[in-house]
Amino acid sequence: EILGKVAIDTSKYDGGSITHHGIIARTDVLDNAVKTFLQNSPEGIVINLGAGLDTRITRVDNGRVHWYDVDL
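Residues numbered from 1 in each chain as written. Predicted model: local features only at pLDDT ≥ 70, side-chain atom pairs only at ≥ 80, totals over all residues. Heavy atoms only, no water.

Q: Looking at this structure, I do not really get the overall build of the protein chain. What am I missing?
A: Scanning the protein chain from N- to C-terminus turns up three helices and two strands. Secondary structure elements in the protein chain, listed N-terminal to C-terminal, are α-α-β-α-β. The buried share of the protein chain, reckoned over its 72 residues, is 15%. Per element, the accessible surface of the protein chain, about 5800 Å² overall, is 58% carbon and sulfur. (Helix = DSSP H or I, 4+ residues; strand = E, 2+ residues; numbered from the N terminus. Buried < 20%, exposed > 50% of the residue type's maximum accessible area, 1.4 Å probe, protein only. Areas by Shrake-Rupley, 256 points an atom, 1.4 Å probe, with all protein chains shown as cover.)

Q: Which parts of the structure should I look at to understand the pattern of salt bridges?
A: Any two side chains of opposite charge can pair, so long as their charged atoms come close to each other. On inspection of all chains with the given rule, the structure shows four salt bridges. Put simply, Arg59 and Asp31 hold a salt bridge, and the shortest N to O gap is 2.6 Å. Here Arg59, found in helix H3 (residues 56-60), pairs with Asp31, found in helix H2 (residues 17-40); they are 28 residues apart in sequence, far enough to count as distant. The class for Asp31 is buried, based on a relative accessible area of 7%. Residues Glu43 and Arg64 are paired through a salt bridge, measuring 3.2 Å at the closest nitrogen-oxygen approach. Of this pair, Glu43 sits in the loop between H2 and strand S1 (45-49) while Arg64 sits in the loop between H3 and strand S2 (66-70), and the two are 21 residues apart along the sequence. Under the relative-accessibility criterion, Glu43 is labelled exposed at 52%. Taken together, the salt bridges that share partners define one network made up of Asp31, Asp54, Arg56 and Arg59. (Salt bridge = Lys/Arg side-chain N within 4 Å of Asp/Glu carboxyl O.)

Q: Got a minute to help me understand the side chain of Asn48 in this structure?
A: Structurally, Asn48 can be placed in strand S1. Among all residues touching Asn48, those that are not within four sequence positions of it are Asp54, Trp67, Tyr68, Asp69 and Val70. (Contact = heavy atoms within 4.5 Å.)

Q: What's the story with the environment of Ser41 in this structure? I'm lost.
A: In this fold, Ser41 is placed in the loop between H2 and S1. With 24 residues separating them in the primary sequence, Ser41 and Val65 have C-alpha atoms 8.4 Å apart.

Q: Before we go on, may I ask you to explain a nonpolar patch on the surface in this structure?
A: On the surface, Ile45, Ile47, Leu49, Tyr68 and Val70 cluster together into a nonpolar patch covering about 530 Å² of accessible area. Going through the elements one at a time, S1 and S2 are the ones with two or more residues in the nonpolar patch. Mapped onto the fold, Tyr68 is located in strand S2. (Patch = residues over 30% accessible without salt bridge, like charges linked within 9 Å, V, L, I, M, F, W, Y side chains within 5 Å.)

Q: What exactly am I supposed to notice about the environment of Gly44 here?
A: Here Gly44 is to be found in the loop between H2 and S1. For Gly44 and Val65, which are 21 residues apart along the polypeptide, the C-alpha to C-alpha distance reads 5.4 Å. The contact partners of Gly44, leaving out residues within four places of it in the chain, are Phe37, Val65 and His66.

Following this line, the structure appears as structure tokens:
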């Protein structure tokens, strides 16, 4: 929806299924790393730099983490 409202050529980012699978793999690796951190530091602080429209907090929130999304 957002991309439809801005004039950005996204064709150079279309890598087909390879890009799609890469995003899924990266998401899984980072989610697991954050979950491991929160198991060891349940009230830890996470600063997500370059967050953009990241939704990771919705998948890893333990109800005690202090989470900061930072972007321009």
